[in-house]
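These are the residues of each chain, in order.
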Amino acid sequence: DVKVTQSSRYLVKRTGEKVFLECVQDMDHENMFWYRQDPGLGLRLIYFSYDVKMKEKGDIPEGYSVSREKKERFSLILESASTNQTSMYLCASSPGDQTGELFFGEGSRLTVL
Amino acid sequence: AQSVTQLDSQVPVFEEAPVELRCNYSSSVSVYLFWYVQYPNQGLQLLLKYLSGSTLVKGINGFEAEFNKSQTSFHLRKPSVHISDTAEYFCAVSYPTGFQKLVFGTGTRLLVSP
């Protein structure tokens, strides 16, 4: 089975702190994604990556950056956390099979105080 | 613009009753369609998908969905729900051109009560 592992299930941070959310997949997938999920808004794409060291902005990239130094790892970085970044963050990966099917991690619930 | 509409934000239903969760998408070209389920405090897992072929797709946990190209719909159904089906359900679409990204609906919360 494909496994996508997010390093932290729950985090509490203070405004202005730098936050790292880590994601690792074990199925050699080319593509990796970061979404945030908020009630009533569904899933919104923050950033995605289709290859090592490659990244593309999604629909809501402001306030976030990403890093993909190895194929299996995709990190989301909040340079200076703000309260409006309190959310559930979901990492996903997909193979390059042209269907777009995603495999998700368990999610990281971030609270910024 | 590509979009997916899930008109019902919440669907309450009694145990053992049938249920239909509606999904409509915007497209004039071929699409791939997906339903994902999210149980409380968990990530999303694939329920079923339509890539091609038969328009009636069967998934896990007794769910099925029917692709209707003329109505651009992909409604999810289950003939008899269980308490354990209480979850949030997301419809998603991808378009077979360019880089594959899923576009998600806003989700439908299914609430099954005894």
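Figured I'd write up the structure that's included with this text. What you see is a predicted model, and the numbers here were worked out from it, not measured in a lab. (Residues numbered from 1 in each chain as written. Chains lettered and ligands numbered in written order. Predicted model: local features only at pLDDT ≥ 70, side-chain atom pairs only at ≥ 80, totals over all residues. Heavy atoms only, no water.)

## Digging into the pairing of strand 12 (residues 108–113) of chain B
All names here are of chain B.
Phase 1: Covered by surrounding structure in strand 12 are T108, L110 and V112 only, the residues R109, L111 and S113 on the alternate face being uncovered.
Phase 2: Where strand 2 (residues 10–14) meets strand 12, 5 bridges bridge the pair, whose relative direction is parallel. Opposite V13, over in strand 12, you have V112 as the bridge partner. (Buried < 20%, exposed > 50% of the residue type's maximum accessible area, 1.4 Å probe, protein only. Helix = DSSP H or I, 4+ residues; strand = E, 2+ residues; numbered from the N terminus. Pairing = 2+ DSSP bridges.)

## Comments concerning the state of the cysteines
In a disulfide, the sulfur atoms of two cysteines are held together by a covalent bond.
All names here are of chain A.
Phase 1: On inspection of all chains with the given rule, the structure shows 2 disulfides over all chains.
Phase 2: Disulfide pairing is shown between C23 and C91; the S-S distance is 1.9 Å. A torsion of -75 degrees about the S-S bond marks the disulfide between C23 and C91 as left-handed. Residue C23 is found in strand 4 (residues 23–25), and its partner C91 is found in strand 10 (residues 87–94); the two are separated by 68 residues along the sequence. (Disulfide = S-S within 2.5 Å.)

## Describing the pairing of strand 9 (residues 73–78) of chain B
Residue and element names in this part refer to chain B.
Phase 1: With 5 of 6 residues buried, strand 9 lies mostly within the body of the structure.
Phase 2: Bridge analysis of strand 3 (residues 19–21) against strand 9 gives 3 bridges, and the strand direction is antiparallel. Looking across to strand 9, one finds that L21 is bridged to L76.
Phase 3: Two strands pair when backbone bridges link them, and strand 8 (residues 64–68) and strand 9 are joined in this way by 5 bridges, in the antiparallel orientation.

## Things to note about the interface of chain B and chain A
Phase 1: Contacts between chain B and chain A engage 22 residues on the former and 23 residues on the latter.
Phase 2: Carbon and sulfur atoms supply 57% of the area buried between chain B and chain A, which totals about 1,800 Å² over both sides.
Phase 3: Inspection of the region where chain B meets chain A yields 1 salt bridge.
Phase 4: Connecting chain B to chain A are 5 residue pairs in polar contact (both at pLDDT 80 or more).
Phase 5: Broken down by secondary-structure element, the contributors of at least two residues to the side of chain B that touches chain A are strand 5 (32–38), strand 6 (44–50) and strand 10 (87–94) of chain B. (Contact = heavy atoms within 4.5 Å. Buried area = accessible area lost by both parts, 1.4 Å probe. Salt bridge = Lys/Arg side-chain N within 4 Å of Asp/Glu carboxyl O. Polar contact = N/O pair within 3.5 Å; in protein donor to acceptor, adjacent residues only side chain to side chain.)

## Section: the environment of S52 of chain B
Phase 1: Mapped onto the elements, S52 of chain B comes out in the loop between strand 6 and strand 7 (56–58).
Phase 2: Between the C-alpha atoms of S52 of chain B and Y39 of chain B, which are 13 residues apart in sequence, the distance is 28 Å.

## A look at the environment of S30 of chain B
Residues and elements named next belong to chain B.
Phase 1: Summarising the element assignment, S30 is placed in the loop between strand 4 (24–25) and strand 5.
Phase 2: On the basis of relative accessible area, S30 is assigned to the partly exposed category, the value being 47%.
Phase 3: Taking the C-alpha atoms as reference points, S30 and F63, 33 residues apart in sequence, are found 23 Å from one another.
Phase 4: Beyond its immediate sequence surroundings of up to four residues, S30 is in contact with Y95 and P96.

## Quick word on the packing of aromatic side chains
The geometry of two aromatic rings is summed up by the distance between their centres and the angle between their planes.
Phase 1: In the structure shown here, the tally under the stated rule is 12 aromatic pairs over all chains.
Phase 2: Ring centres of F33 of chain A and Y35 of chain A lie 6.3 Å apart, and the angle between their planes is 25 degrees; on these two criteria the pair is classed as stacked.
Phase 3: Judged by its relative accessible area of 1%, Y35 of chain A is buried.
Phase 4: Note on Y35 of chain A and F104 of chain B: the rings are 5.6 Å apart at their centroids and 85 degrees apart in plane angle, and the pair reads as edge-to-face. Of this pair, Y35 of chain A sits in strand 5 (residues 31–38) while F104 of chain B sits in strand 11 (residues 103–104), on two different chains.
Phase 5: A connected cluster of aromatic rings, assembled from ring pairs, spans F33, Y35, F48 and F104 of chain A together with F34, Y36 and F104 of chain B. (Phe/Tyr/Trp six-rings, centres within 6.5 Å; stacked < 30°, edge-to-face > 60°.)

By themselves, these observations are geometric and do not establish any function.
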